[in-house]
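Close look at the chain arrangement
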Protein chains: 2
Amino acid sequence: MLPRGRPRALGAAALLLLLLLIGFFLFPGDLDCERSEREASGGGGDPGSLPRSLTPRVPPDERPRPRGTAAFDGDPPAEPGGHNGSDCIPPRPRPPKCELLQVAIVCAGHNSSRDVITLVKSMLFYRKNPLHLHLVTDAVARNILETLFHTWMVPAVRISFYNADELKPQVSWIPNKHYSGLYGLMKLVLPSALPPDLARVIVLDTDVTFASNIAELWALFAHFSDKQVIGLVENQSDWYLGNLWRNHRPWPALGRGFNTGVILLRLDRLRQTGWEQMWKLTATRELLTLPATSLADQDIFNAIIKEHPWLVQPLPCVWNVQLSDHTLAERCYSEASDLKVIHWNSPKKLRVKNKHVESFRNLYLTFLEYDGNLLRRELFGCPRPPPPGAEQVRGSRLPFPRGGSTPLLWWDPALSGACPPAPPSPSSSPPSPQLQRALAQLDEEDACFEFRRQRLTVHRVHITFLPHKPPPPQPHDVTLVAQLSMDRMQMLEALCRHWPGPMSLALYLTDAEAQQFLRFVETSVVLSARQDVAYHVVYREGPLYPINQLRNVALAQALTPYVFLSDIDFLPAYSLYDYLRASIKQLELGSGRKAALVVPAFETLHYRFSFPSSKAELLALLDAGSLHTFRYHEWPRGHAPTDYARWREAQAPYHVQWAADYEPYVVVPRDCPRYDPRFVGFGWNKVAHVVELDAQEYELLVLPEAFVIHLPHAPSLDISRFRSSPTYRDCLQALKDEFHQDLSRRYGAAALKYLTALQQPRGPT
Amino acid sequence: MLPRGRPRALGAAALLLLLLLIGFFLFPGDLDCERSEREASGGGGDPGSLPRSLTPRVPPDERPRPRGTAAFDGDPPAEPGGHNGSDCIPPRPRPPKCELLQVAIVCAGHNSSRDVITLVKSMLFYRKNPLHLHLVTDAVARNILETLFHTWMVPAVRISFYNADELKPQVSWIPNKHYSGLYGLMKLVLPSALPPDLARVIVLDTDVTFASNIAELWALFAHFSDKQVIGLVENQSDWYLGNLWRNHRPWPALGRGFNTGVILLRLDRLRQTGWEQMWKLTATRELLTLPATSLADQDIFNAIIKEHPWLVQPLPCVWNVQLSDHTLAERCYSEASDLKVIHWNSPKKLRVKNKHVESFRNLYLTFLEYDGNLLRRELFGCPRPPPPGAEQVRGSRLPFPRGGSTPLLWWDPALSGACPPAPPSPSSSPPSPQLQRALAQLDEEDACFEFRRQRLTVHRVHITFLPHKPPPPQPHDVTLVAQLSMDRMQMLEALCRHWPGPMSLALYLTDAEAQQFLRFVETSVVLSARQDVAYHVVYREGPLYPINQLRNVALAQALTPYVFLSDIDFLPAYSLYDYLRASIKQLELGSGRKAALVVPAFETLHYRFSFPSSKAELLALLDAGSLHTFRYHEWPRGHAPTDYARWREAQAPYHVQWAADYEPYVVVPRDCPRYDPRFVGFGWNKVAHVVELDAQEYELLVLPEAFVIHLPHAPSLDISRFRSSPTYRDCLQALKDEFHQDLSRRYGAAALKYLTALQQPRGPT
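These figures come from a predicted structure and were not determined experimentally. (Residues numbered from 1 in each chain as written. Chains lettered and ligands numbered in written order. Predicted model: local features only at pLDDT ≥ 70, side-chain atom pairs only at ≥ 80, totals over all residues. Heavy atoms only, no water.)

**A closer look at the confidence of the model for chain A**
All names here are of chain A.
- Confidence in the prediction of chain A, expressed as mean pLDDT, is 81, and 80% of residues score 70 or more.
- Within the model, pLDDT remains below 50 along residues 1-7, and this stretch shows 11 contacts once partners closer than five positions in the same chain are excluded.
- Confidence over residues 385-431 falls short of pLDDT 50; this stretch has 115 contacts with residues more than four positions distant or in other chains.
- Interface scoring of the predicted complex returns ipTM 0.79; its pTM is 0.82. (pLDDT = per-residue confidence, 0-100. Contact = heavy atoms within 4.5 Å.)

Here's what the structure looks like:
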């Protein structure tokens, strides 16, 4: 045993001795390379073992060809021993402890944004190092991913955005037939697009899934020779051999060529060697004889490598197991006990046919459906800046990452890029020290602890989860705003039939439910035809439904000047969308008039009923007892001020006064007050909002031809809890009291009337 | 590069040379052990690195004391260099490829059965080796786990059960104060309880979670010296130091002692060294002066090790990171970048207070909520027996593991144990070659593919998910049988109030929803008071609700002679349970009379209504229009044969005849025909069952005082799909046709009447 502090040489000697001993110890009496070779055949016998190509040696000639761990039939051996070369098994490369790893991904559009999140989840699941993600995005993806990462708050992850639109001119001259389009080519320009001081980066396609720690991949940089600048895995198909079909003329490549789904780039060396000129020259020359790239950047990378083979460091095949249609990948993974990265590089993606595809799908689905909240895990063993005076704050509840003094390890607003930042929504607003303190001060023994914590929980938000076209700007346009969870999904089709205008809907879902929702929309003719409905997924966390946080997310994402604040169980009159726009115009709300237009609410107790096509028909149903004014039996106070009697006769909008517990459905300008997020679960969530409107002196104007009808549904779990739990009711009362205190603070004496109203005798809340 | 087939000596030399080279390559110019020591401090610097105690060396004296990776303050160094000893970093132990790993777990009762599943999920997630689980269980756990593993069908996992009750006498003489009770002591008797040819086993507590590949732990066996028989991690608290409080007198231990949550046992050597006598002698002697064990088996293991210290091989602390109340574990994991196994060894379990507990909880919740279906992944890289002529069958849909010829790698019925096997339920019945063929023959292009696949899907089933007391045997007792998913959970309390007897309910849930359900029951006063309600979780898989498979699971688990086959949206008359038992007795059903007692069904359209306390009250509500006969408006055929007009007047049970589409709610003997699992989603699922009853010549007897009332709810997604999709309706028709063909096959000419009835003109299905 060596005492501490001995000179370096002695330490080195001791280490070597130890390695020798361990060598004997681990492979006692079984050191013949026949066995080791059998297990390592192709280099993948040991998880993370290096392939032959990564053991230090002199290449036999100047044309190193791909020698991943997959040795393919008919592939002539490149050196004595061929693909059965017996280098034995070197130990696993040592992941650099706590080193910041750099990753670049090109991502554009709604669908790729979903893909990249699954990729990132798989990466975060296994990583033990801090990460810096460099995201080259269009405006759509940036908007989505900025909000997502802001609200996700994974420790030790930094995000930088780069504007893909600015990079387009550099690649748009290249004709490309690949489905990835222009964005597929952008990997070529990363050396100039990424910050000049960034020396190394792992570049990933959005359709890869990690099954291991990315640090092991990063560690392969250490094996680059002085000349090597690009690490790649051999292409696992015969595409570049050019014999797939008659007249198939692929771009030039070394042997089977390389796949660019996973790339290790030495950016520093690429810049030094004049990469930009190099690839442009090669592409230009090849395009003299070839009409276009078929596989985007990959064709150009391969053409360059064919010309300058010393640039490439072949990587073990397990780092890019390619599930293309007629993949030869099985030769790789059937030998390896450890898959590292799976690449869904068939245009069919998960639907690709493959003997083992069910197993690969299960790996992919693991991360697709993985609860991303659980990745809010601290890294153990890496230094962490002490949180500023918030030692008691719990990791997963933080409104924003701690450690502002060392931003490198945390979320970091964009370094570059010209996209406008996403409009701040309350649940993704910057962290306030007050909020941090509030979290730290929560008392777990408090009977209302759940309510208070739920209110402070920052939910992960994925805005525009599905493709969405923003409505064209129109001065009187109005967006229907609502929120729902899984149990109301069957309302969406009917809602779409009743409201032909734009909608902004917040969905409270788990990651797995979000996928069910996706399939639901894809299989619905009605829903998949609509591009003006924006679905914003707010990921579930905590026991109470954060109804007002959901409303605020949907409200913040509405893009028209006006919003109709509705609830998911209501179907609007078929004419409502047109009528509201006409009313907004007629009432001149655009000229700064502060008004809330009340849409009277009714209800039916029957699942099947024929929806009235006019006010006259509605009144007839009302008189027949088939319809009722909303919650007439249970809670008339909520809508009584709408004055249904007057509405029956009204020909023009009329003013009504606020009264206690009034909670009408209203149309307001988009910049209206937000909902109070303290109201979670059942009770008082809309009431408080209408109080706020009144306090800010919004006129309340009832529209004579507008109506919505509530459809029946079973009582929610929250209302059941409210009814059965005295604590629940007490907590709601406590929240109401605090709300009124805050009102007084903000509006002074003017808020007195709300408190007075509250103290009057009342029915059930 | 060595050519193949050289002699062993040369191979060995080459390997060593390679290790030397790699050594230089990985740590270029930085081989001073000061750095290595800093990173490895405590041995945990590199994931999977060996602690000093695992490097081959001669212990300084005959009393090796725990030297895990955690070096604790105030712990005198046991050798020169102390806990900062500088052995540098040996490489990661090499997991044995494809070796069958043996794991033993003691598990008793409903709650531990849930725990052990989470442990197994974490283990399966990371494993790459075939596993053999040796489960020492009581009858309850065996019943649960046998069904679970049978229906889970994870490839390359073998399960053996051992009867804990038989082992009790061997440990019941030891007074024990630990919360684990008698079962906590059973780890002591594993060397004799496990098969005599089993040489090595990893023993796990049910409250550990894996965060790494168990093969790495198994590999540590290779480092046992000839004398060592037990591998253990040091205890990460000061308990055994005896200074926690005044008069704290722990059992004897070496220093801080060892924790037995994770044990490596050399069973072969233990048997040779007379383990049984050894531990009994030690326990007996210590119990002369100590009143009882405080920490169950752990006290006895430590006392033995104190006496025979050469028996123990200390393991790196990361293999048992102990989250007890005042744990010192942080000293371990703050140094290690890689946690391997987390041990929730506080009685508070997840509620333990700890600076980093949120992060640990997230790791735990990952597996708690992990979709276990995704673990039906094949092992790549390990030889797999070819499936018998079913190459196209997809892994995750298999009714039963393939490869019957090599049972070692697959599910294997119990090796030992006296528990009776669980009653076979249709979804966990043994695999039929027909079913395998049916799966292989499914055509993905078939419009009804989803229906057919759903029908053949074997769902993972966790019976008696919550503690449950079987009802005492009574000859006329009746169990209410129903099924539900998450959206009907709020029905459970009302149902419990209406039905005071036993219930068997199948719940169709995801793993995450099962946890929500657990919390729901725990926080409900009504539900948590009932021990006679058995909840059976059937895990979700596929797009269609497998309604009849669920009914069959609930039916198979009913333990009374009679069952009331109901649906979750119905509330029974308060008196129904008593009335049914009296009717069964009165009608002498016990004497082999084949009868189905019809319980007439009604419905209300109002959420709040006062439930009639008698038939007279019900009839009054019916006359007042507040109640209707069930589905009177939409589908009167379903219940018309019950003859409500006659029921109004009836004083005694009366016979009715089967008619097309009749689907009454009935009371039948438990051994009644099962539901036809081909009917998934909406439609005809009960109808087919009643046809089957009629075909088997059950009398249909309507009970004059019995009734149930259906409460309103929103239409299910399945009924919405049925209404909107012609394909859905066509597929249902195809299923009905096939059902009738099967009927004809089984009942011959007698089945003609069903076909004839089907061909008559009809309303909507």
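On we go from here.
**Brief notes about the pairing of strand E1 (residues 101-107) of chain A**
All names here are of chain A.
- Among the 7 residues that make up E1, 7 are buried, leaving the element largely enclosed by the rest of the structure.
- Along E1, one buried face is formed by Leu-101, Val-103, Ile-105 and Cys-107 and the opposite face, lined by Gln-102, Ala-104 and Val-106, is buried too.
- Regarding the hand of the β-α-β motif, the stretch spanning E1, helix H3 (residues 109-126) and strand E2 (residues 131-137) is right-handed.
- Taken together, the 3 bridges between E1 and strand E4 (residues 200-204) define a ladder with parallel strand orientation. Bridging across to E4, Ile-105 finds its partner in Leu-204. (Buried < 20%, exposed > 50% of the residue type's maximum accessible area, 1.4 Å probe, protein only. Helix = DSSP H or I, 4+ residues; strand = E, 2+ residues; numbered from the N terminus. Right-handed = clockwise from strand over helix to strand, strands pointing away. Pairing = 2+ DSSP bridges.)

**Overview of the pairing of strand E21 (residues 665-669) of chain B**
Residue and element names in this part refer to chain B.
- The element E21 is extensively covered by neighbouring structure, given that 5 of its 5 residues are classed as buried.
- Where strand E15 (residues 562-565) and E21 come together, 4 bridges link them in antiparallel fashion. Residue pairing across strands places Tyr-562 opposite Pro-669, the latter belonging to E21.
- As paired elements, strand E17 (residues 595-599) and E21 share 3 bridges and run antiparallel to each other. Pairing of Val-598 across the sheet is with Val-666, part of E21.

**So, the side chain of Glu692(B)**
Residues and elements named next belong to chain B.
- As for its position among the elements, Glu-692 is in helix H23 (residues 685-695).
- Within polar-contact distance, the side chain of Glu-692 engages the side chain of Arg-746 at 2.8 Å.
- Those residues in contact with Glu-692 that lie beyond four places of it in its chain are Pro-673, Phe-739, Leu-743, Arg-746 and Tyr-747. (Polar contact = N/O pair within 3.5 Å; in protein donor to acceptor, adjacent residues only side chain to side chain.)

**Notes on the environment of Ser225(A)**
- Turning to its location among the elements, Ser225(A) is positioned in the loop between helix H8 (214-218) and strand E6 (230-234).
- In this structure, the C-alpha to C-alpha distance between Ser225(A) and Leu571(A), residues 346 residues apart in sequence, is 67 Å.

**Quick word on helix H20 (residues 576-586) of chain B**
Residue and element names in this part refer to chain B.
- Those residues of H20 lying buried are Leu-576, Tyr-577, Tyr-579, Leu-580, Ser-583 and Ile-584. Relative to the axis of H20, the buried residues are bounded by an arc of 165° and lie together on one face. Of the exposed residues in H20, the ones pointing more than 90 degrees away from its buried face are Lys-585 and Gln-586.
- Just past H20, the residue Glu-588 takes up positive phi, approximately 55°. (Arc of directions from axis to C-beta.)

**Considerations on the pattern of salt bridges**
Residues and elements named next belong to chain B.
- Scanning all chains against the criterion turns up 70 salt bridges over all chains.
- Between Asp-567 and Arg-551 there is a salt bridge, and its shortest N-O distance comes to 3.1 Å. Of this pair, Asp-567 sits in the loop between E15 and strand E16 (570-572) while Arg-551 is found in helix H19 (residues 547-556), placing the two residues 16 residues apart along the sequence. Across this residue pair, the class does not change: Asp-567 and Arg-551 are buried. (Salt bridge = Lys/Arg side-chain N within 4 Å of Asp/Glu carboxyl O.)

**Some words on the packing of helix H10 (residues 275-289) of chain B against helix H11 (residues 297-307) of chain B**
Residues and elements named next belong to chain B.
- Running from amino to carboxyl end, H10 crosses H11 at an angle of 100°, the nearest separation of the two axes being 9 Å. For the element pair H10 / H11, the angle class is roughly perpendicular. Every residue of H11 that contacts H10 at Trp-275, Met-278, Trp-279, Thr-282, Ala-283, Arg-285 and Glu-286 is listed here: Ile-300, Phe-301, Ala-303, Ile-304 and Glu-307.
- Split by residue class, the contact of H10 with H11 holds 8 nonpolar, 1 polar and 3 charged. (Axes fitted to C-alpha atoms, helices over the stretch in contact; angles between N-to-C directions. Parallel < 35°, antiparallel > 145°, perpendicular 65-115°, else oblique. Nonpolar A, V, L, I, M, F, W, Y, C, P; charged D, E, K, R; others polar.)

**A few points about the sheet that holds E16(B)**
All names here are of chain B.
- The strand order E16-E23-E18-E19 describes an open sheet built from 4 strands, whose pairing is mixed. The open sheet has two free edges, formed respectively by E16 and strand E19 (627-629), since each of these has just one partner strand. Here the strands of the sheet are splayed against their neighbours by 35° on average, with no regard to which way each runs.
- Lying on the sheet, helix H21 (residues 615-623) is in contact with strand E18 (601-604), E19 and strand E23 (708-710); it crosses E19 at an angle near 95°.

**Regarding helix H26 (residues 752-759) of chain A**
Residues and elements named next belong to chain A.
- Taken together, the buried positions of H26 are occupied by Tyr-754, Ala-757 and Leu-758. The buried residues of H26 occupy an angular sector of 100° when the element is viewed end-on, so they sit on one face. Across H26 from its buried face, at more than 90 degrees, point the exposed residues Leu-752 and Gln-759.
- At its buried positions, H26 is contacted by helix H23 (685-695) and helix H25 (726-747).

**Re the environment of Arg637(B)**
- When you line up the elements, Arg637(B) lands in the loop between E19 and helix H22 (644-649).
- Taking the C-alpha atoms as reference points, Arg637(B) and Ala659(B), 22 residues apart in sequence, are found 8.5 Å from one another.

**Digging into the state of the cysteines**
- Per the counting criterion, the structure on display carries 4 disulfides over all chains.
- Between the sulfur of Cys448(A) and that of Cys731(A) lies a disulfide, 2.1 Å long from S to S. The sign of the S-S torsion, about -95°, decides the handedness of the disulfide formed by Cys448(A) and Cys731(A): left-handed. Highlighted residues: Cys448(A) in the loop between helix H14 (433-441) and helix H15 (449-456) and Cys731(A) in helix H25, separated in sequence by 283 residues.
- A relative accessible area of 8% places Cys448(A) in the buried class.
- On the basis of relative accessibility, which here comes to 1%, the residue Cys731(A) falls in the buried class.
- Note that Cys317(B) is cross-linked by a disulfide to Cys332(B), the S-S spacing being 2.0 Å. Because the torsion about its S-S bond is 90°, the bridge between Cys317(B) and Cys332(B) counts as right-handed. Note that Cys317(B) is positioned in the loop between strand E8 (312-315) and strand E9 (321-322) and Cys332(B) in helix H12 (residues 330-333), a separation of 15 residues in sequence. Across this residue pair, the class does not change: Cys317(B) and Cys332(B) are buried. (Disulfide = S-S within 2.5 Å.)

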